[in-house]
Amino acid sequence: MGPLWLVLFWLSVYIMINVFRIATKLAEHRGVRLSEEETELRETVFPGFTPVEFAKLMRIGTWKNVPVGTALTVQGEPVPEVMVVQSGHLSVEIDGHAVHIMKDGEIVGEMSFISGAGPPPQPCARVTPTRYVAWLQPALRALLARNPAMHSAMSSVFSVELARKLLEDGESHWTVRS
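Residues numbered from 1 in each chain as written. Predicted model: local features only at pLDDT ≥ 70, side-chain atom pairs only at ≥ 80, totals over all residues. Heavy atoms only, no water.

On the surface, E36, E40, E43 and D104 cluster together into a negatively charged patch. Assignment of secondary structure puts E36 in helix α2 (residues 36-44). (Patch = residues over 30% accessible without salt bridge, like charges linked within 9 Å, V, L, I, M, F, W, Y side chains within 5 Å. Areas by Shrake-Rupley, 256 points an atom, 1.4 Å probe, with all protein chains shown as cover. Salt bridge = Lys/Arg side-chain N within 4 Å of Asp/Glu carboxyl O. Lys, Arg positive; Asp, Glu negative; His and termini not counted. Charge placed at Lys NZ, Arg CZ, Asp CG, Glu CD. Helix = DSSP H or I, 4+ residues; strand = E, 2+ residues; numbered from the N terminus.)

What follows is the structure, encoded as structure tokens:
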């Protein structure tokens, strides 16, 4: 009879630990409230982020609206932010030549963020009325350094974005077209 009680004891401990972990996860997810706009962004651009991780990311981000003609980046100058277009279009220009039109879900400044320095990969972005979310690079670096799972998820987002840019139209769209 003795060994059976030992098995039941450890099984009870195991069940209690798992019930506690499930309750903790449910409480975390219940407390996360994302707007419709944030939910769409998470599902389309940041699918590897849990709702809690995405809420942390959005806490350090800033939503911005810019009118026609506003330059988000300047050719030859570093990009201080990582930006994701929510709505609108950006005309990416090199030496005054349009080389690509960015649309919803595309990222600006990820190459600058990854390399840590250097000129922006999107040399000059002139916009139509556009709404985007931006993260200052130092704040984003600090958040990702504290959260390894988020760092991995963000690396995946950046990898997908860079691959898409390289494969679009069968060539890199950052070359000047005549």
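Let us now look at the sheet that holds strand β6 (residues 125-127). Taking strand neighbours across the sheet as the criterion, the 3 strands line up as β4-β3-β6 in an open arrangement whose pairing is antiparallel. Of all strands in the sheet, those with a lone pairing partner are β4 (97-102) and β6, marking the two edges. Ignoring which end each strand starts from, the neighbouring axes of this sheet average 30° apart. Where strand β3 (residues 90-94) and β6 come together, 3 bridges link them in antiparallel fashion. Its bridge partner lying in β6, S91 is registered against R126. (Pairing = 2+ DSSP bridges. Axes fitted to C-alpha atoms, helices over the stretch in contact; angles between N-to-C directions.)

With that settled, consider the packing of helix α5 (residues 137-146) against helix α6 (residues 148-167). Viewed as axis vectors pointing N to C, α5 and α6 meet at an angle of 120°, and their least axial separation amounts to 5 Å. It follows from the interaxial angle that α5 and α6 lie oblique. Every residue of α6 that contacts α5 at L140, L143, L144 and R146 is listed here: P148, M150, H151 and M154. (Parallel < 35°, antiparallel > 145°, perpendicular 65-115°, else oblique. Contact = heavy atoms within 4.5 Å.)

Relative to the helices and strands, A71 is located in the loop between β1 (62-66) and β2 (81-87). Taking the relative accessible area as the measure of exposure, A71 reaches 35% and is therefore partly exposed. Remark: the alpha-carbon pair of A71 and L90, spanning 19 residues in sequence, is separated by 9.3 Å. (Buried < 20%, exposed > 50% of the residue type's maximum accessible area, 1.4 Å probe, protein only.)

Right, let's get into the packing of aromatic side chains. Here the structure, examined in full by the defined rule, presents 5 aromatic pairs. Measuring from centroid to centroid gives 5.0 Å for F9 and W10, while their planes differ by 70°, and the two rings are edge-to-face. Its relative accessible area of 47% is what places F9 among the partly exposed residues. Overall, W10 belongs to the exposed group, its relative accessible area being 52%. Both rings, one in F113 and one in F158, keep their centres 5.6 Å apart while their planes meet at 65°; by these two values the pair is edge-to-face. (Phe/Tyr/Trp six-rings, centres within 6.5 Å; stacked < 30°, edge-to-face > 60°.)

Viewed as axis vectors pointing N to C, helix α3 (residues 51-59) and α6 meet at an angle of 80°, and their least axial separation amounts to 11 Å. Here α3 is positioned roughly perpendicular relative to α6, judged by the angle of their axes. Touching E53, K56 and L57 of α3 are A149, M150 and M154, all from α6. Grouping the amino acids of the contact of α3 with α6 by side-chain chemistry returns 4 nonpolar, no polar and 2 charged. (Nonpolar A, V, L, I, M, F, W, Y, C, P; charged D, E, K, R; others polar.)

In this structure, F113 sits in helix α4 (residues 110-115). Separated by 35 residues in the primary sequence, F113 and P78 place their C-alpha atoms 9.6 Å from one another. Not counting the four nearest positions on each side in its chain, F113 is found in contact with V82, Q137, L140, R141, L144 and F158.

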